[in-house]
Amino acid sequence: MNNRNVKAIVFDLDGTLYEETHHFEYYAAQVAKRLRKEDQHRFWEDYRAVLSGRHPLRIGSVYDAGEDLILFLQNGFVGEAYRWNGEKLGAAEVKTIYPGQVKIDLDRLFSIGDLWWVPSSIGRHYGLTNEETYAAFLETRKWMMGPEFEMKGVSGLAETLQKLKNNIVLILMTNSPEPDSEAILHKLKLADAFHHKIFQAGKPIKTASHLQMIRDRYHIQYEEMISIGDNLENDILPARRLGCRTIFIDVYRLAKHGDADVIVASMSECVPVLRRFL
């Protein structure tokens, strides 16, 4: 990546600025307890199966809560579709259900870009509403604000961002609410690292509009912006379509060659990349 002419860097929060993962188990428990007793055991069986790669639902897939189908997209079109039990739909049936491109809408169609979407998708399969899984999410975020959720932070990240802030506009853009996000930023010593913060961003639906706002507000061009995140659909692909440069935190090894300008496995690996812009 050309290190010159970088005027703004947009960061995702969860899965990007910290590397802790034990909150996913807590979130799964909050979803499970909202299910009927007879479905809770099946929920945990499915959750463990997804984590071990023994379930058709996986990171990189899309869950259609309306049809209760697991989809794999190619340029927005459904290439393959599976029932919850793993049965693959025939091409004709797929074409009948999905004759054109499908759009992620955060209500019926979920992009399983990270582990946040696994418990919620399983919960929806077993009958929970979007409101119920979101309530479980908020309960988890409240727990993450408290002292029980310990965070170590990424070595060298806070210091690097403070130095970058002198010459580059740093922006946080997260789908999470403001109170818990700010609490997490304080734990990470990143509360003052950003010039501007966008909470409940509605990615990927609103990613492009937020990037346009950043471009106009700071009078820069898309090619002078870098988007950094761990979710291809939310943080990387919309930014690339606009002409932004991208760094993909590829925790789950989803990326293909060319999906992002730089691909790293963690923020720890990304810190040396960021230091090139100092």
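Our structure is the block above this text.
Residues numbered from 1 in each chain as written. Predicted model: local features only at pLDDT ≥ 70, side-chain atom pairs only at ≥ 80, totals over all residues. Heavy atoms only, no water.

J.: Residue-level account of the sheet that holds strand E9 (residues 245–249), with values.
T.: One open sheet holds the 6 strands; their spatial order is E7-E6-E1-E8-E9-E10, and the pairing between them is parallel. Two strands bound the open sheet, and with one partner strand each, they are strand E7 (196–198) and strand E10 (262–264). Within the sheet, the average angular offset between the axes of one strand and its neighbour, ignoring direction, is 15°. Where strand E1 (residues 8–11) lies against strand E8 (residues 225–229), 4 bridges are found, and the strand directions are parallel. In the strand pairing of E8, Phe11 is matched with Ile228. Against the sheet, helix H10 (residues 267–275) contacts E1, E8, E9 and E10, and its axis sits at roughly 150° relative to E9. (Pairing = 2+ DSSP bridges. Helix = DSSP H or I, 4+ residues; strand = E, 2+ residues; numbered from the N terminus. Axes fitted to C-alpha atoms, helices over the stretch in contact; angles between N-to-C directions. Contact = heavy atoms within 4.5 Å.)

J.: Hey, could you go over the packing of helix H8 (residues 207–218) against helix H9 (residues 232–242) for me, with residue numbers and the actual values?
T.: Closest axis-to-axis distance for the H8/H9 pair is 9 Å, and the angle between their directions is 60°. As summarised for this structure, H8 and H9 are arranged oblique, according to the angle between their axes. The chirality of how H8 crosses H9 is right-handed. In contact with Thr207, Ala208 and Leu211 of H8, H9 contributes Asn234, Pro238, Ala239 and Leu242. (Parallel < 35°, antiparallel > 145°, perpendicular 65-115°, else oblique. Left-handed = near helix turned anticlockwise from the far one by under 90°.)

J.: Pulling in residues and values, what's your account of unusual backbone geometry?
T.: At the junction of Lys203 and Pro204, the peptide bond is cis and its omega measures out at 5° in the coordinates. Secondary-structure assignment places Pro204 in the loop between E7 and H8. At His219, a position not held by glycine, the phi torsion is positive, near 55°. Along the chain, the position of His219 falls in the loop between H8 and E8. Phi is positive for Arg253, close to 55°, though the residue is something other than glycine. In this fold, Arg253 is placed in the loop between E9 and E10.

J.: Can you lay out the nonpolar core for me, pointing to particular residues and giving the numbers?
T.: Of all hydrophobic cores here, the largest spans 62 residues; its most connected members are Ile9 and Leu17. Not counting chain neighbours up to four residues away, the residues in contact with Ile9 comprise Leu164, Ile168, Val169, Leu170, Ile171, Ile226, Ile228, Leu274 and Phe277. Met173, Ile198, Ala201 and Ala239 belong to the second largest nonpolar core, which has 14 residues in total. (Core = buried A, V, L, I, M, F, W, Y, C linked by side-chain atoms within 4.5 Å. Buried < 20%, exposed > 50% of the residue type's maximum accessible area, 1.4 Å probe, protein only.)

J.: Explain the sheet that holds strand E5 (residues 109–111) residue by residue, including any values.
T.: As summarised here, the arrangement of the 4 strands in space is E4-E3-E2-E5, forming an open sheet in which the pairing is antiparallel. The two strands at the open ends of the sheet, each matched to only one other strand, are strand E4 (77–83) and E5. Across the sheet, the mean angle separating the axes of adjacent strands is 30° when strand polarity is ignored. Relative to E4, strand E3 (residues 69–74) runs antiparallel, the two being bridged by 6 bridges. By the bridge assignment, Gln74 is partnered in E4 with Phe77. Against the sheet, helix H4 (residues 117–125) contacts strand E2 (62–64) and E5, and its axis sits at roughly 155° relative to E5.

J.: Can you explain the environment of Ala136? Please cite residues and give values.
T.: Mapped onto the fold, Ala136 is located in helix H5 (residues 130–145). Each C-alpha atom of the pair Ala136 and Leu69 lies 22 Å from the other, and the pair is 67 residues apart in sequence. Not counting chain neighbours up to four residues away, the residues in contact with Ala136 comprise Tyr27, Gln30, Val31 and Arg34.

J.: Which residues make up the side chain of Ser266, and what values go with them?
T.: Assignment of secondary structure puts Ser266 in the loop between E10 and H10. A relative accessible area of 17% means that Ser266 is categorised as buried.

J.: How would you summarise the state of the cysteines if you had to cite specific residues and measurements?
T.: Using the criterion set out here, one finds 0 disulfides in the structure. For the unlinked cysteine Cys244, the closest cysteine sulfur is that of Cys270, found at 16 Å. For Cys244, a relative accessible area of 5% translates into the label buried. (Disulfide = S-S within 2.5 Å.)

J.: How would you explain the layout of surface pockets if you had to name every residue and give the values?
T.: Of the pockets and cavities examined, the largest pocket occupies roughly 1000 Å³. Taken together, 31 residues form the lining of the largest pocket, with Leu73, Gly76, Glu233, Leu237 and Arg241 sitting closest to its centre. Residue assignment for the lining of the largest pocket shows that the elements contributing at least two residues are E3 and H9. The element that contributes the greatest number of residues to the lining of the largest pocket is H9, accounting for 6 residues. Of the residues assigned to the lining of the largest pocket, the class counts are 15 nonpolar, 9 polar and 7 charged. Here the second largest pocket is characterised by a volume of approximately 600 Å³. In this structure, the second largest pocket is lined by 25 residues; those nearest its centre are Trp117, Tyr134, Phe137, Asn175 and Ser176. Of all the secondary-structure elements, those providing two or more residues to the lining of the second largest pocket are H4, H5 and H9. A per-element tally of the lining of the second largest pocket places H5 first, with 4 residues. When the residues that make up the lining of the second largest pocket are grouped by side-chain class, the tally is 8 nonpolar, 10 polar and 7 charged. (1 Å grid on protein atoms, 1.4 Å probe; cavity = no way out; pocket = protein on both sides within 12 Å on 5 of 7 lines; lining within 4 Å. Points joined across faces, edges and corners; volume = space filled by probe spheres on them. Nonpolar A, V, L, I, M, F, W, Y, C, P; charged D, E, K, R; others polar.)

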